[in-house]
Amino acid sequence: MATAAELTSPRSPRAVAARRLARRSARGKERRFLAEGPQAVREAVAHRTDGHSTLVELFTTCEAAGRHPELIAAARAAGTRVTTASEEIVTGLSQTVTPQGLVGVCRFLDRPFEELVAAGPRLVAVLAHVRDPGNAGTVLRCADAAGAEAVILTDASVDLYNPKAVRASAGSLFHVPVAVGIPVEEAVRGLADGGLRVLAADGSGDRDLDAELDGPAMGGPTAWIFGNEAWGLPGPTRELAEAVVRVPIHGRAESLNLATAAAVCLYASARAQRSPGGCR
């Protein structure tokens, strides 16, 4: 292990190129994004895209390399370029208040929508008009935990590779197949044609989640549409779904935030699908 940083100038071409990935336009052009911290880097090392490690380059401080020798070794074994860099460079790539000394440059992960539908998913989360990257990442994490086989971000939603979204996913970005930039009408039509019942989650829905769970349909393949944090789902999007379902509020809370509501809905489907007569 090197005892001194190999890369010390923030103006070096590699440092500048990596720093540009903080901007959406640069990410889209290069089809690369940044993943920060040991958990995200570990998941990126293990993930493969088109036969290659998803992790293209790993910037690490000497201190972080000393704390995570197994991670550095795994990255090198996967063919990733590992660069020990100065604190100034790594901190410049970081988007957190307390940088952990590890920042990876990763290949984009999204896959064609048609490919995801053809795989026959039984539980799908569709993020329509979701603008907050932290919420998008958290819903992705919830979908992963509930056993969803796909997550769809519509063309009106936030960039999946925003650093806040990547961080909020807590590594789940590398677990669940994702499609991005799909018009919501196309997503709903394709999922319905693929045999999934499409439900919209909205606090003003005319169907109650508890009542849905009492019926047989919740055990079948299901796609949930989740909307904007502030104003929910617009009318035209609600009309695309087979039903608009609300999570019942039994206490005095005015509402649930997006990620909490998504977790409740996805786990309701997961339980129904694993019950007798369910599709799993």
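Structure's up top.
Since the structure is predicted, the reported quantities are computational estimates derived from the model, not experimental observations. (Residues numbered from 1 in each chain as written. Predicted model: local features only at pLDDT ≥ 70, side-chain atom pairs only at ≥ 80, totals over all residues. Heavy atoms only, no water.)

Undergrad: Pulling in residues and values, what's your account of the pattern of salt bridges?
TA: Counted by the stated rule, this structure contains 13 salt bridges. Two residues, aspartate 159 and arginine 27, come together in a salt bridge whose shortest N-O distance is 2.6 Å. Of this pair, aspartate 159 sits in the loop between β8 (150-154) and α9 (163-168) while arginine 27 is found in helix α2 (residues 24-30), placing the two residues 132 residues apart along the sequence. Accessibility classification places aspartate 159 together with arginine 27 in one group, the buried group. Between glutamate 212 and arginine 207 there is a salt bridge, with the nearest N and O atoms lying 2.8 Å from each other. A relative accessible area of 8% means that glutamate 212 is categorised as buried. Accessibility expressed as a relative area gives 36% for arginine 207, which makes it partly exposed. Salt bridges sharing common partners tie together Arg197, Arg207, Glu212 and Glu242. (Salt bridge = Lys/Arg side-chain N within 4 Å of Asp/Glu carboxyl O. Helix = DSSP H or I, 4+ residues; strand = E, 2+ residues; numbered from the N terminus. Buried < 20%, exposed > 50% of the residue type's maximum accessible area, 1.4 Å probe, protein only.)

Undergrad: For the sheet that holds strand β5 (residues 81-84), give the residues involved together with the corresponding values.
TA: Read from one edge to the other, the open sheet built from four strands follows the order β1-β6-β4-β5, with strand pairing classed as mixed. Unpaired on one side and paired on the other, β1 (32-36) and β5 mark the two borders of the sheet. On average, each strand axis in the sheet is inclined to that of its neighbour by 20 degrees, with strand direction left out of account. As paired strands, strand β4 (residues 55-60) and strand β6 (residues 102-107) are joined by five bridges and run antiparallel to one another. Looking at β6, one finds that leucine 58 is bridged to glycine 104. (Pairing = 2+ DSSP bridges. Axes fitted to C-alpha atoms, helices over the stretch in contact; angles between N-to-C directions.)

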